[in-house]
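# Structural features, examined
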Amino acid sequence: MEKLLDKWVNQTNWNENIASALATFCKLENLEISKKTIFENYIGGEKMANFSEVSRFCTEWGIDHIGLNFVKKHLDNQFLPAFVLMDKYHTVLVIKIKNDEVYFFDGVRGLIQESIDSFFERSMGHIVLVEVGNYKKEAYYQKHVKEENERIKKISDHFSVKIIDHFLTSEECDLLKEKGESLYVRSQVSASEGNGSEISSIRTSSSAFLVQKDSFFDDIRERAAQLINLNKERFESIQLTSYTKGQLYDAHSDAFADYDTDALKEGQRTDTVLVYLNDDYEGGGTFFPYLNKIIKAKKGRAVTWKSLDENGKIDPLGTHGGLPVMNGRKYICNLWARNTDQSNWK
Ligand SMILES: O=C(O)CCC(=O)C(=O)O
Ligand SMILES: [Fe+2]
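Reference entry: report on the structure contained in this document. Note that residues are indexed from 1 along each chain, following the sequence as it is written. Working convention: letters from A go to chains and numbers from 1 go to ligands, in the order in which they are written. In keeping with the model being predicted, local features are shown solely for residues with a pLDDT of at least 70 and side-chain atom pairs are shown and tallied solely at 80 or more, while totals for entire chains, interfaces and linings include all residues. Water and hydrogen atoms were dropped before computing side-chain values, which therefore reflect all heavy atoms in the structure.

Glancing now at the coordination of the iron ion (ligand 2). Here the iron ion (ligand 2) is held by the protein donor atoms His252 (NE2), Asp254 (OD) and His320 (NE2), which lie 2.1 Å from it. Note on donors: an N, O or S atom is included if it sits within 2.8 Å of the metal, or within 3.2 Å for Na, K and Ca, and water is never included, so sites can look incomplete. Between the donor residues of the iron ion (ligand 2), the gaps in sequence give the motif H-x1-D-x65-H. Here His252 and Asp254 have matching classes, each one buried. For each residue, the accessible area found with a 1.4 Å probe, counting protein chains only, is set against the maximum for its type, and the residue is called buried under 20%, exposed over 50%, and partly exposed in between.

Next comes the structure, spelled out in structure tokens:
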């Protein structure tokens, strides 16, 4: 697995998903097509790259391929590698099946393993099998491209992730980091049974809970409140999170699921203001898989979005996570607002 991960060419821009899959494929197959050529030619223009780029790429470079409606039997080593269009508007590169698990490269998440059933369930029903030889090439894509563009337009009309640079000064970032330094414990997530929280491989960072009384913390909450036009009482106590090399937070919503009755007793999370406290590390961007967007850290930068839709339900478009840190140490500050008064931190 380690060796295979070396072949991964990650995407660093939201519209580079296909280019990442294609470049990873070339590296795996030792094709001498440069990463630069791929990233310059197959990023899909101003919108995100769409699945037809895979076929265009193969045609242009004389690589035997076929586009098909995806059925489970394609998940067989004899047909691989294959490009599959997943939900989340992502194309992934499937390379191996072993013990009913699919191994695939994802532009933002690297080399992933998932059960065949759940992988198939998540997919959008389109696959390109590469170098399979015997099939005839056919064009399946136009209809899909149109649907894809419509879906993306709908998304960008309804959901926004706002970026506010210089929300905190560099000195404030340093001070906040310092205040948390001795308080880190392994991060947890809500327990799957809905009572309490637990350690999980989906979140491997450490967290510091800044529950002490401090006018500095109050001031930050006040500014977060002004930023998104809420009462400061709606903000929880500040949490810092830190990731060392390899640590990550997989895709999730900050809002609590219905079954998470323990957490919901204190109210539902509605808004997030996330602040980057440093930027001297590699990797570790904040990714929004449904929006095909990765936000890069910049010291003092705040990012804000809503977790619930207009009906108060968890909005899948707010799904996000922290990519693995490649080098160095990442520090963020989380300011979460709930729909009830949280001011027992006073
Ligand atoms: O580390 C990141 O960029 C995201 C963190 C996050 O989503 C969280 O702490 O809830
Ligand atoms: Fe989060």
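Each α-helix turn comprises 3.6 residues. Residues three or four places apart therefore point the same way. Comment: elements are numbered from the N terminus, with helices defined as DSSP H or I runs of at least four residues and strands as E runs of at least two. Every buried residue belonging to helix H7 (residues 170–180) is among Glu172, Cys173, Leu176 and Gly180, and all of these are buried. Angular distribution of buried residues about the axis of H7 spans 105 degrees; they occupy a single face of the element. Residues of H7 that are exposed and point over 90 degrees away from its buried face: Glu171 and Glu178. An arc is given here, and it is the one of the directions from the helix axis to the C-beta atoms.

This paragraph deals with unusual backbone geometry. In this structure, Pro81 follows Leu80 across a cis peptide bond, with omega equal to 5 degrees. By secondary structure assignment, the location of Pro81 is in the loop between strand E1 (65–69) and strand E2 (82–86). Of note, the phi angle at Asn99 is positive, near 45 degrees, even though the residue is not glycine. Relative to the assigned elements, Asn99 resides in the loop between strand E3 (91–98) and strand E4 (101–106). Overall, Asn99 belongs to the exposed group, its relative accessible area being 69%.

Let us look at the side chain of Ser207. Inspection of the secondary structure puts Ser207 in strand E11 (residues 206–210). A relative accessible area of 1% places Ser207 in the buried class. Under this definition, polar contacts are N or O atom pairs within 3.5 Å; protein pairs additionally need one hydrogen-donor-capable and one acceptor-capable atom, and for neighbouring residues in sequence, both atoms have to be side-chain atoms. Separated by 2.7 Å, the side chains of Ser207 and Ser187 make a polar contact.

One heavy atom within 4 Å of a molecule or strand is enough for the residue carrying it to be called near that molecule or strand. Among the 13 residues in the neighbourhood of ligand 1, the closest are listed as Tyr243, Thr286, His320, Lys330 and Asn334. Separating an oxygen atom of ligand 1 from a side-chain N or O atom of Asp254 is a distance of 3.0 Å. Within the side chain of His320, a nitrogen or oxygen atom sits 2.9 Å from an oxygen atom of ligand 1. Considered on its own, ligand 1 offers 300 Å² of accessible surface; in the complex 100% of this is hidden by protein. Secondary structure elements with two or more residues in the shell around ligand 1: strand E13 (249–252), strand E19 (320–322) and strand E21 (330–338). For every accessible area listed, the method is Shrake-Rupley and the probe measures 1.4 Å; residues are considered covered only by the protein chains on display.

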